[in-house]
Amino acid sequence: MYFAIMASDVTDSLAARLAARPAHLERLELLQRQGRLLVAGPHPAIESVDPGPAGFTGSLIIAEFDSLAAAQSWANADPYVTAGVYAEVCIKPFKPVLPA
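This is a predicted model, so every value here is computed, not measured.

(A) Structural view of the overall build of the chain. Of regular secondary structure, the chain possesses three helices and four strands. The order of helices and strands in the chain, counted from the N terminus, is β-α-β-β-α-α-β. Here the C-alpha atoms of the chain give a radius of gyration of 13 Å, agreeing with the 13 Å that 2.2 N^0.38 yields for 100 residues. The 100 residues of the chain split such that 29% are buried. Sequence-distant contacts in the chain: of pairs separated by 6 or more residues, those separated by 24 or more amount to 73%. On the chain, roughly 6100 Å² of surface is accessible, and the fraction owed to carbon and sulfur atoms is 57%.

(B) Molecular detail of the packing of aromatic side chains. For the coordinates displayed, the defined rule picks out two aromatic pairs. Residues Phe 65 and Trp 74 carry aromatic rings whose centres are separated by 5.7 Å and whose planes lie at 50 degrees to one another, so their mutual orientation is tilted. You'll find Phe 65 and Trp 74 in the same group, each marked buried. Ring centres of Tyr 80 and Tyr 86 lie 5.5 Å apart, and the angle between their planes is 90 degrees; on these two criteria the pair is classed as edge-to-face. Here the two residues Tyr 80 and Tyr 86 agree in accessibility, since each one is buried.

(C) Layout of unusual backbone geometry. Cis geometry is adopted by the peptide bond preceding Pro 99, which originates at Leu 98 and carries an omega value of 0 degrees. Within the secondary structure, Pro 99 sits in the segment after strand E4 (86-94). Even without glycine at this site, Asp 12 takes up a positive phi of about 55 degrees. Overall, the relative accessible area of 76% leaves Asp 12 in the exposed class.

(D) Layout of helix H1 (residues 14-33). A rise of 1.5 Å per residue sets the reference length of H1, with its 20 residues, at 28 Å; its end C-alpha atoms lie 27 Å apart and thus fit the reference within 8%. At Arg 21, H1 is bent by approximately 55 degrees, the largest bend along its length, and proline Pro 22 sits one to four residues beyond. Those residues of H1 not exposed but buried are Arg 17, Ala 20, His 24, Arg 27, Leu 28 and Leu 31. Against the buried residues of H1 lie strand E1 (2-9), strand E2 (37-44), strand E3 (56-64), helix H2 (68-76), helix H3 (79-82) and E4. Backbone geometry just after H1 places Gly 35 at a positive phi near 75 degrees.

(E) Geometry of the nonpolar core. Counting residues in hydrophobic clusters, the biggest one holds eleven residues: Phe 3, Ile 5, Leu 28, Leu 31, Ile 61, Ala 63, Phe 65, Ala 71, Trp 74, Ala 75 and Ile 91. Non-local contacts of Ile 91, meaning those with residues more than four positions away in its chain, are made with Phe 3, Ala 4, Ile 5, Leu 68, Ala 71, Gln 72 and Ala 75. Membership of the second largest hydrophobic core comes to five residues, among which are Ala 20, Tyr 80, Val 85 and Tyr 86.

(F) Here's a closer look at the pattern of salt bridges. The full count for this structure, using the stated rule, is two salt bridges. The closest approach of N and O atoms between Arg 17 and Asp 9, which form a salt bridge, is 2.9 Å. A single burial state applies to Arg 17 and to Asp 9, both of which are buried. Of the charged contacts, one joins Asp 78 and Arg 27 as a salt bridge, the two residues approaching to 3.3 Å between their closest N and O atoms. One end of the pair, Asp 78, is in the loop between H2 and H3; the other, Arg 27, is in helix H1, with 51 residues separating them in the sequence.

About the thresholds
Residues numbered from 1 in each chain as written. Predicted model: local features only at pLDDT ≥ 70, side-chain atom pairs only at ≥ 80, totals over all residues. Heavy atoms only, no water. Helix = DSSP H or I, 4+ residues; strand = E, 2+ residues; numbered from the N terminus. Rg over C-alpha atoms; globule rule 2.2 N^0.38 Å. Buried < 20%, exposed > 50% of the residue type's maximum accessible area, 1.4 Å probe, protein only. Contact = heavy atoms within 4.5 Å. Areas by Shrake-Rupley, 256 points an atom, 1.4 Å probe, with all protein chains shown as cover. Phe/Tyr/Trp six-rings, centres within 6.5 Å; stacked < 30°, edge-to-face > 60°. Expected span 1.5 Å × (residues − 1). Bend = angle between axes of the 7 residues up to and from the residue. Core = buried A, V, L, I, M, F, W, Y, C linked by side-chain atoms within 4.5 Å. Salt bridge = Lys/Arg side-chain N within 4 Å of Asp/Glu carboxyl O.

Below is the structure:
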């Protein structure tokens, strides 16, 4: 089943986010190679693809896991969590409908 991992950043997270980004992307790329990643990306703090020093306010990852517990375990080990980028992480089951 797919799960949506919705995370909110702490204030002024950009430096920590940039430092942890390579390890974070490596885990996402593994999910992609396994065919389990539907979508992943950050939420820019301003209306811009490259928000510069404004940074980001959080992230969304939608990926396939065996269970909610497995998704939670994966999310808890994310470098953005361990680096203190995320203030809060919410995980919910997700049912893709469109595009079909």
